[in-house]
Amino acid sequence: MTEIISLISRKGGASKSTTAQAMAAGFTAKGYRVLSVDLDGQASLTHITAADYSGRTIFDVMRGACSISEAVQHTGAGDIISANSSLDDVEINGD
Ligand SMILES: Nc1ncnc2c1ncn2[C@@H]1O[C@H](COP(=O)(O)OP(=O)(O)O)[C@@H](O)[C@H]1O
Ligand SMILES: [Mg+2]
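Parameters and conventions
- Residues numbered from 1 in each chain as written.
- Chains lettered and ligands numbered in written order.
- Predicted model: local features only at pLDDT ≥ 70, side-chain atom pairs only at ≥ 80, totals over all residues.
- Heavy atoms only, no water.
- Salt bridge = Lys/Arg side-chain N within 4 Å of Asp/Glu carboxyl O.
- Buried < 20%, exposed > 50% of the residue type's maximum accessible area, 1.4 Å probe, protein only.
- pLDDT = per-residue confidence, 0-100.
- Helix = DSSP H or I, 4+ residues; strand = E, 2+ residues; numbered from the N terminus.
- Near = heavy atom within 4 Å.
- Polar contact = N/O pair within 3.5 Å; in protein donor to acceptor, adjacent residues only side chain to side chain.
- Nonpolar A, V, L, I, M, F, W, Y, C, P; charged D, E, K, R; others polar.
- Expected span 1.5 Å × (residues − 1).
- Arc of directions from axis to C-beta.
- Contact = heavy atoms within 4.5 Å.

Regarding the pattern of salt bridges
A complete count under the given rule lists one salt bridge for this structure. Ionic pairing is found between R63 and D60, a salt bridge with its closest N-O pair at 2.8 Å. The class for R63 is exposed, based on a relative accessible area of 54%. The class of D60 is buried, set by a relative accessible area of 11%.

This is how it looks when you write it as structure tokens:
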């Protein structure tokens, strides 16, 4: 069974990224398969997990440049699809 947990708030500094990383590490340590998806152009979760934000990111998935599986990176605290500042353009254009 797959569970999706979203940590969302417009307020910065509310501990979204920190909590996401802690939950991913905790669930991975318990033996669950975890995929974190960084959906913030600030890319804190990508940074915290030492993932690569210069390669394929969630923005590339959104614009159809690659598949989800092609964007997945493997870390010691589970898998992650990274983000970078290119996501900021999506937010501006999406208003
Ligand atoms: N429980 C906590 N105790 C102390 N500092 C925390 C805690 N959770 C987060 N922080 C710190 O607060 C700052 C903002 O956290 P962050 O997870 O980046 O917030 P957000 O993703 O909501 O913008 C970071 O410097 C982080 O290290
Ligand atoms: Mg954050």
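Moving on from the model shown.
Here's the deal with the confidence of the model for the protein chain
Of all residues in the protein chain, 95% attain a pLDDT of 70 or more, and the chain-wide mean is 92. Per-residue pLDDT, averaged within each element of the protein chain, yields its smallest value for helix 5 (residues 86–94) (73) and its largest for strand 1 (residues 35–37) (98).

Brief notes about the site of ligand 1
Close to ligand 1 lie G12, G13, A14, S15, K16, S17 and T18. One of the backbone N or O atoms of G13 is found 2.8 Å from an oxygen atom in ligand 1. A distance of 2.9 Å separates an oxygen atom of ligand 1 from a polar atom in the backbone of S17. A breakdown of the residues in the shell around ligand 1 according to their chemical character gives one nonpolar, five polar and one charged.

Side note on helix 1 (residues 16–29)
Helix length check: helix 1, at 14 residues, gives a terminal C-alpha distance of 20 Å against a target of 20 Å (1.5 Å per residue), a fit within 8%. All of the buried residues along helix 1 are S17, A20 and A24. Projected down its long axis, helix 1 shows its buried positions confined to an angular sector of 60°, all on one face. Turning to helix 1, the residues buried within the fold contact strand 1 and helix 2 (44–48). Trailing helix 1 by a residue or two, G31 shows a phi angle of about 100°, which is positive.

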